[in-house]
Amino acid sequence: MYSYKELSQGYYVLSLDNHVEIMEALAAFCGEKHILAGEISGLGATNDATFRYLNPSTMKYVDKTFAEQMEITNLIGNISEKDGKPYLHVHVTASRSDYSCIGGHLLSARINGACELFVKTFPEPIHRRHDPTTGLNMYQL
Ligand code: FE
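This text gives an overview of the structure that appears in the document. Remember, predicted model here, so these are calculated numbers, not experimental data. (Residues numbered from 1 in each chain as written. Predicted model: local features only at pLDDT ≥ 70, side-chain atom pairs only at ≥ 80, totals over all residues. Heavy atoms only, no water.)

With that settled, consider the coordination of the iron ion. Taken together, His-89 (NE2), His-91 (NE2) and His-105 (ND1) make up the full set of protein donors to the iron ion, lying 2.1 to 2.2 Å away. Each donor residue of the iron ion lies on the same chain, and together they follow the pattern H-x1-H-x13-H. By relative accessible area, His-91 is classed as partly exposed at 37%. (Donors = N, O, S within 2.8 Å, 3.2 Å for Na, K, Ca; no water. Buried < 20%, exposed > 50% of the residue type's maximum accessible area, 1.4 Å probe, protein only.)

As a further point, take the pairing of strand 7 (residues 101-121). Pairing analysis gives five bridges linking strand 2 (residues 11-16) to strand 7, with the strands arranged antiparallel. By the bridge assignment for strand 7, Leu-14 is matched with Leu-117. Two elements, strand 3 (residues 38-55) and strand 7, share 13 bridges in a ladder whose sense is antiparallel. By the bridge assignment, Gly-38 is partnered in strand 7 with Thr-121. As paired elements, strand 6 (residues 85-95) and strand 7 share five bridges and run antiparallel to each other. Counted as the bridge partner of Thr-93 is Gly-103 from strand 7. Between strand 6 and the antiparallel strand that follows it, strand 7, lie five residues; Tyr-99 among them carries a positive phi value of about 75 degrees. (Pairing = 2+ DSSP bridges. Helix = DSSP H or I, 4+ residues; strand = E, 2+ residues; numbered from the N terminus.)

Further remarks concern the environment of Gly-38. For Gly-38, the location among the structural elements is in strand 3. Taking relative accessible area as the criterion, Gly-38 reaches 4% and is therefore assigned buried. As a C-alpha pair, Gly-38 and Glu-81 span 43 residues in sequence and 10.0 Å in three-dimensional space. If sequence neighbours within four positions are ignored, Gly-38 has contacts with Gly-77, Asn-78, Ile-79, Lys-120, Thr-121, Phe-122 and Ile-126. (Contact = heavy atoms within 4.5 Å.)

Moving on, we get to the packing of aromatic side chains. This structure, assessed with the given rule, holds seven aromatic pairs. For the pair Tyr-2 and Tyr-4, a centre-to-centre distance of 6.3 Å together with 55 degrees between the ring planes defines the contact as tilted. Judged by relative accessible area, Tyr-4 falls into the partly exposed class, the value being 32%. Look at Tyr-12 and Phe-29: their rings are 5.1 Å apart centre to centre, the planes differ by 80 degrees, and that puts the pair in the edge-to-face class. Placement of Tyr-12 in strand 2 and of Phe-29 in helix 1 (residues 22-33) is noted, with a sequence separation of 17 residues between them. Accessibility classification places Tyr-12 together with Phe-29 in one group, the buried group. Joined through ring pairs, the aromatic side chains of Tyr-2, Tyr-4, Tyr-12 and Phe-29 make up one cluster. Over the aromatic face of Tyr-61 sits the side chain of Arg-52, whose NZ or CZ is 4.3 Å from the ring centroid. (Phe/Tyr/Trp six-rings, centres within 6.5 Å; stacked < 30°, edge-to-face > 60°. Lys NZ or Arg CZ within 6 Å of the ring centre and 35° of its normal.)

Following this line, the structure appears as structure tokens:
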């Protein structure tokens, strides 16, 4: 699913295997390393990505899938802890064949090409809990 190297203590570089789904691979890596706090950055290419948009006036999620070849021009995310497990929050910007960009909250993206990620981890968990006021899973700092 991925190969990785620990560059310095708690700081990893990952290369995901072609055709794997990025969120699945990240969840597997966080589980393997017991990561409950961290930051993620990366780039790559996908041909099947689903983004989420939250309409704040209705608090409804709108999900949309883009089944086309795109460069992942930016992937940024964080890792925290919710219900004792790693919780991933990832956003992506991707460029299309006409060089325009789309993006959003990342639900899934299947790699078609490469995906290179850096994951910086921290020893203390960042806690997250459901906040009834916003309806969102918010940091509890
Ligand atoms: Fe988000």
